[in-house]
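Coordinates in review
These are the residues of each chain, in order.
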Amino acid sequence: MLIQSFTGLPRLDTALQSLNVSCLQEHQQLLKNELDPLYLCDLLFEERAIELFEHDKVTEESRCDKQIPLLMEIVTENKNKCFHFFLDILLNRDYEHIIKKIVGPVEETVQNGR
């Protein structure tokens, strides 16, 4: 069950509040590999974060590799505070490992000048 704030949005901790949709692009490969787009799409629809036509756009696509970009496009548009709900769902629905990677620093390929 989601904890709602006075605004009707789920409460996010400070680290999540500071994120913006650009983190989706930065972690595109992780999201593509780890997310279940149909499950997330259903949850976002239940929270009224996406419209029926957006939900159908993702769920009517038969291939997962096509569903993820469609879902990320919808979340990135951030209508109805979709990104806010998306983060809350990741945090509370078995995707906490993704939140930790998104909030943490992007791994550097070169460390200490090597």
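My aim in this report is to walk through the structure given alongside it, one point at a time.

What counts, and at which threshold
In every chain, residue numbers begin from 1 and rise along the written sequence. For a predicted model such as this one, the threshold for reporting local features is a pLDDT of at least 70, and the threshold for listing and counting side-chain atom pairs is 80 or more; totals across whole chains, interfaces and linings nevertheless cover every residue. Where side-chain values are given, they derive from all heavy atoms of the structure, hydrogens and water being excluded. Definition of nonpolar core: a set of buried residues of the types Ala, Val, Leu, Ile, Met, Phe, Trp, Tyr and Cys, connected through side-chain atoms within 4.5 Å. Think of it in three bands: with a 1.4 Å probe and only protein chains considered, a residue is buried below 20% of the maximum accessible area for its type, exposed above 50%, and partly exposed in between. We call two residues contacting when some pair of their heavy atoms lies within 4.5 Å. One side-chain nitrogen of Lys or Arg within 4 Å of one carboxyl oxygen of Asp or Glu is enough to make a salt bridge. Numbered from the N terminus, helices here are DSSP runs of H or I no shorter than four residues, and strands are runs of E no shorter than two. Regarding the arc, it is the one traced by the directions from the helix axis to the C-beta atoms. All axes are obtained by fitting lines to C-alpha atoms, using only the stretch in contact for helices, and the reported angles, taken between N-to-C directions, cover 0 to 180 degrees. Our angle categories are set so that under 35 degrees counts as roughly parallel, over 145 as roughly antiparallel, 65 to 115 as roughly perpendicular, and the remainder as oblique. Whether a crossing is left-handed or right-handed is set by the direction in which the near helix is turned from the far one by less than a right angle, anticlockwise for left-handed and clockwise for right-handed. Residues are grouped as follows: Ala, Val, Leu, Ile, Met, Phe, Trp, Tyr, Cys and Pro are nonpolar; Asp, Glu, Lys and Arg are charged; all remaining types, including Gly, are polar.

1. With respect to the nonpolar core
One broad trend across soluble globular proteins is that nonpolar side chains are buried collectively. Residues L35, L44, M72, V75, F86 and L90 are the most contacted members of the largest nonpolar core, which totals 33 residues. For L44, the residues in contact, after removing those within four places along its chain, are A49, I50, L71, V75, C82, F85, F86 and I89.

2. Some remarks on the pattern of salt bridges
Two side chains with opposite charge may pair up if their charged atoms get near one another. Considering all chains together, one arrives at four salt bridges under this definition. Put simply, D65 and R63 hold a salt bridge, and the shortest N to O gap is 2.6 Å. Overlapping salt bridges, with partners in common, bring together E54, E77 and K79 in one network.

3. A word on helix 5 (residues 52-59)
Among all positions in helix 5, only E54, H55 and V58 are buried. Looking straight down helix 5, one finds that the buried residues subtend no more than 100° of arc, so they occupy a single side.

4. Details of the packing of helix 4 (residues 37-46) against helix 7 (residues 82-92)
The geometry of helix 4 relative to helix 7 is characterised by a closest axis approach of 10 Å and an angle of 120° between their N-to-C directions. In terms of orientation, helix 4 and helix 7 fall into the oblique class. Considering how the two elements wind past one another, helix 4 and helix 7 form a crossing that is right-handed. For the pair formed by helix 4 and helix 7, the contact residues are L40, L43 and L44 on the first element and C82, F85, F86, I89 and L90 on the second. The class makeup of the residues in the contact of helix 4 with helix 7 is eight nonpolar, no polar and no charged.

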